[in-house]
Amino acid sequence: MVLDKVNSPSDLKALSEVELLVLAEELRSEIIRVCAQNGGHLASSLGAVELIVALHKVFDSPRDRILFDVGHQAYAHKILTGRKGVFHTIRQEGGISGFTKVSESEHDAITVGHASTSLANAIGMAIARDTLGEDYQIVSVIGDGALTGGMALAALNVIGEQQRKMLIVLNDNEMSISENVGALNRFFKELQIKKWVQDTEKWGRGVLETISPRLFNLVDRAKEAAKLVLHQENPFYAWGLRYVGPVDGHNLKGLIHLFQELKELDGPTILHIVTQKGKGYKVAEADPIYWHGPPGFDPEKPEKVSKGYSWSAAFGDAVTELAHLEPRLFVITPAMREGSGLVKYSQTHPSRYLDTGICEDVAATAAAGMALRGLKPVLAIYSTFMQRAYDQIIHDIAIEKLDVVLAVDRAGIVGGDGATHNGVFDIAYLRTVPGVQIAAPKDALELRAMLKKALELGGPVAIRYARDNVERVPEGSWPDIEWGRWEVLKEGGKAYILSFGKTLKYALEAAGDNPEVGVINARFLKPLDRELLEKLALKGYKLVTVEDHQKMGGFGSAVLEALSEMGLKPDIRVLGLPDVFFDHGSIPRMHREAGIDAAAILEALAQMGVRVGEVGTAD
Ligand SMILES: Cc1ncc(C[n+]2csc(CCOP(=O)(O)OP(=O)(O)O)c2C)c(N)n1
Ligand SMILES: CC(=O)[C@@H](O)[C@H](O)COP(=O)(O)O
Ligand SMILES: [Mg+2]
C-alpha cells in the first residue's frame, strides 16, 4: 500500500503522481472502514480527499498552517499527519477527536467543531505572522455551508481590508448537512460550469495536455484569466479577494498545479473548488445527508441504520401537529433540519419553515422579528450552537419579552463530538436573562405539554432535551401541565433527589425502592417550584440536586439561591458537571467521572447519613 509509505506529509511529497492517485483511493477505503465501525463524518471527509492530498503535497505543514473550518472533513488530514495508526480510535473513548484539535497534533492549526471560525483565525494568524516577521503559508479550507455563517462573511471583510497573503479554499459541494441554502449558494451554482461543459473541458484538457503541456498551461491560464474578467460581479471582489475558479476539486493533478501557482501570489486569494460530498462511496454520493454522520454500518452492505426514536423526532412530531392547532407557529432551524427532527415538519409546513443556514445569531433575531409581527416562532437549536445567539436572545428577544420558544436540543454531554458540542452551558447563560423561562421534560408527553403551554403563555421559553432516545407517544397526545410545578415521582422518608432533565433516570435508579429516598422531576428551573422546595426544606428533608450541565450556574445553583433567599439551610448536595471540558467518549463513563450518575447520587445521600444500598436496590 502506498499509504504504508506515508507517516508524515514529507513522505507524501516524495510520491509520484500515480502514487498520489492510489493514495487518495487508499485514504477513501480507510475512512470508510473506520466510519463503518465508529460512525463519524463520512460524506464530508470523502469529498475532501483529493483536496487534502494536494494541500499536503504542495504546502509544508506544520510550518505552513492548514486550517479546516468545522474540522469534520479532515479525516484524510489526520491520517496523513502521523495519526494513521490511531485513526481507528476517532471519536471513541480515549481516541482522537473527530475534528481538528490543536492539542492533538502540531498539524492541527485550530481546534474546531463549530462552523465558520477558520477565516477569522486565519486573518489573526496572518497578522501575527507579518507582525513577527515570519514567513509561512496560511491556507483555510471552508465549506459552502460554513461560509453561510456570519463570522465567516464578516472575516472576509477584514481579510479583504488587510490584504495579507493567505489562501482560502472554498470547498463547494452544494451541501451543508442538508442541501445548502442562501443567496451565496445560489450564486455559486450560477458560477459553476455546467456538467457537460465540465466534462468537455476535462476531455479538452486531456487532449491538449498530451499535445503540448506548455500550450495547455497557456490555455489554462487564459481560461482562468477569462473567468477572472467574466466574474467581476463576483462578490469576492467586493471583499477584496482574488477569486479563482470554479475548478474540479477531485482533479488531483489540477489542484496540485493550482496550489503551486497560487502559493506564489501575494494578498488574499480564494480558490473555489467544486466537489461531491461522499465522493467515491456510492451510498454516500447518493445520500450525503444521511451519510454525513451515520452510526456504525456494514461497509459491504451499507444500509441505513436506525438510530431509534429520539427527542428530536418527538419534537418534530409535536411541532408538525402543533402547526395545525396554532396557525401562527413558525419553525426556524440554523442548518440542522435533520439533527433537529424537522424533515417531516419542513415537508408538511414548508411555508412556515426557515433554514437560515449556519447562522444561529440571524435565526434568533429573525425569530424576534417574526414575534414582533405576530408569529409564534419556535427556534430549534442545539444547546452548543445556541451559544452563538446569546446576545440575540437577550437583546432582540428577552428585553421585550417576545413570544419565542427555544427548543434546545442536545442538552448535556453528547458523546462522540466532544467538548466543542457538549450542551452544558445553556442553563447558566439563560437563567440570568430576565423573563426567559426554562423547562426540561421527562418524556415526550411532557415535551408536548410544555411546547403547547409555552406557545399559550407567550414570552421567551427555553425547553431543553438531550441527545437521547425517548418513548414515542400517540399522535394527538396533548396532556396538560401545571406550569412551574415540580412532580413528585416517589415519596421519601428522609431525603429527596431533585433532578432537572436527563439525570432523572439516575435519580430513579439511585432511589430504587428505598423508602427513605424520594424523587422529584424538577422539570421547571425558571420558575422554580419554590413552594415545594420550601416545604421540603422546612420538613428537614436532605436534598440532592442533579443535572447534566455545569454545576456552576446550573439548576443546583438556582436551588441554592432560592433557599438562601428563603433563609432556609437544609442539608443539601449539588451534583453537576465539574469545571472542566469533557472530550469525546462514552456518555455513561463521563457521567460517572463527572459525578452525576446513580452511584454519585448514592454517595451524596450516604454522606448525609441516609441509609442507602447499591444502585437501584433498597437498603
Ligand atoms: C455554529 C455551528 N452550527 C451548526 C453546526 C453543525 N454543522 C456541522 S457541519 C455542518 C455543515 C457544514 O457544511 P460545509 O461547511 O459545506 O461542509 P461539508 O460537510 O459540506 O463539507 C453543520 C451545519 C456547526 N458545526 N457549527
Ligand atoms: C459537525 C457537526 O457539528 C454536526 O454534524 C454534529 O456533529 C451533529 O451532531 P449530532 O450527530 O448530535 O446531530
Ligand atoms: Mg458543503
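Calculation criteria
- Residues numbered from 1 in each chain as written.
- Chains lettered and ligands numbered in written order.
- Predicted model: local features only at pLDDT ≥ 70, side-chain atom pairs only at ≥ 80, totals over all residues.
- Heavy atoms only, no water.
- Near = heavy atom within 4 Å.
- Polar contact = N/O pair within 3.5 Å; in protein donor to acceptor, adjacent residues only side chain to side chain.
- Areas by Shrake-Rupley, 256 points an atom, 1.4 Å probe, with all protein chains shown as cover.
- Nonpolar A, V, L, I, M, F, W, Y, C, P; charged D, E, K, R; others polar.
- Domains from an automatic or database assignment.
- Core = buried A, V, L, I, M, F, W, Y, C linked by side-chain atoms within 4.5 Å.
- Buried < 20%, exposed > 50% of the residue type's maximum accessible area, 1.4 Å probe, protein only.
- Salt bridge = Lys/Arg side-chain N within 4 Å of Asp/Glu carboxyl O.
- Donors = N, O, S within 2.8 Å, 3.2 Å for Na, K, Ca; no water.
- Helix = DSSP H or I, 4+ residues; strand = E, 2+ residues; numbered from the N terminus.
- Axes fitted to C-alpha atoms, helices over the stretch in contact; angles between N-to-C directions.
- Left-handed = near helix turned anticlockwise from the far one by under 90°.
- Contact = heavy atoms within 4.5 Å.
- UniProt positions renumbered as here; feature names shortened; annotations may be inferred.
- Buried area = accessible area lost by both parts, 1.4 Å probe.

1. Details of the site of ligand 2
Stage number 1. Contacts to ligand 2 come from His41, Val70, Phe99, Gly113, Ile177, His292, Tyr382, Phe385, Arg410, Asp417, His421 and Arg467.
Stage number 2. Between an oxygen atom of ligand 2 and a side-chain N or O atom of tyrosine 382, the distance comes to 2.6 Å.
Stage number 3. Contact between ligand 2 and aspartate 417: an oxygen atom at 2.6 Å from a side-chain N or O atom of the residue.
Stage number 4. Here ligand 2, which alone exposes 360 Å², has 88% of that area covered by the protein.
Stage number 5. Class assignment of the residues belonging to the shell around ligand 2 gives a composition of 5 nonpolar, 4 polar and 3 charged.
Stage number 6. Both of domain 1 (2-180 + 232-286) and domain 2 (311-464) provide at least three residues apiece to the shell around ligand 2.

2. Section: the nonpolar core
Stage number 1. Formed by 81 residues in total, the largest nonpolar core has its most connected members in Phe315, Trp486 and Leu498.
Stage number 2. No fewer than three residues from each of domain 2 (311-464) and domain 3 (487-607) sit in this core.
Stage number 3. By size, the runner-up hydrophobic cluster in this structure holds 55 residues, among which are Ala24, Ala36, Leu51 and Leu252.

3. With respect to the pattern of salt bridges
Stage number 1. Considering all chains together, one arrives at 44 salt bridges under this definition.
Stage number 2. For arginine 592, the salt bridge identified is with aspartate 597, shortest N-O distance 2.6 Å.
Stage number 3. Since its relative accessible area comes to 36%, arginine 592 is described here as partly exposed.
Stage number 4. The exposure class assigned to aspartate 597 is buried, which follows from its relative accessible area of 9%.
Stage number 5. Taken together, the salt bridges that share partners define one network made up of Lys442, Asp443, Glu446, Glu487 and Arg523.

4. Describing the coordination of the magnesium ion (ligand 3)
Stage number 1. Only Asp144 (OD), Asn173 (OD1) and Met175 (O) from the protein coordinate the magnesium ion (ligand 3), and they sit 2.0 to 2.2 Å from it.
Stage number 2. All donors of the magnesium ion (ligand 3) come from a single chain, and their spacing in sequence reads D-x28-N-x1-M. Here asparagine 173 lies in the loop between β3 (166-172) and α8 (183-191) and aspartate 144 lies in the loop between β2 (138-143) and α7 (150-162), a separation of 29 residues in the sequence.

5. Re the packing of helix α4 (residues 49-58) against helix α5 (residues 75-83)
Stage number 1. At their nearest, the axes of α4 and α5 sit 8 Å apart, and the two run at 35° to each other. The two elements α4 and α5 meet at a crossing, and its hand is right-handed. Where α4 abuts α5, its residues Val49, Ile52, Val53 and His56 lie against Ala76, His77, Leu80 and Thr81.

6. Comments concerning the UniProt feature "domain: Transketolase-like pyrimidine-binding" (unreviewed entry) in the protein
Stage number 1. When the UniProt feature table is mapped to this numbering, "domain: Transketolase-like pyrimidine-binding" (unreviewed entry) covers residues 309-473.
Stage number 2. Within residues 309-473, the helical portion is 41% and the strand portion 16%, while the C-alpha atoms at the span's ends are 10 Å from each other.

7. Regarding the domain arrangement of the protein
Stage number 1. Assigned domains within the protein: domain 1 (2-180 + 232-286), domain 2 (311-464) and domain 3 (487-607).
Stage number 2. Taking only C-alpha atoms into account, the centre of domain 1 sits 32 Å from that of domain 2.
Stage number 3. Across the contact, 19 residues belong to domain 1 and 15 residues belong to domain 2.
Stage number 4. Surface buried jointly by domain 1 and domain 2 totals about 1300 Å² across both partners, of which 48% is contributed by carbon and sulfur atoms.
Stage number 5. Here domain 1 is connected to domain 2 by 2 salt bridges.
Stage number 6. A salt bridge links arginine 337 to glutamate 179; the shortest N-O distance between them is 3.0 Å.
Stage number 7. Where domain 1 touches domain 2, the interface holds 7 residue pairs in polar contact (both at pLDDT 80 or more).
Stage number 8. Across the side of domain 1 that touches domain 2, the residue classes break down as 6 nonpolar, 11 polar and 2 charged.

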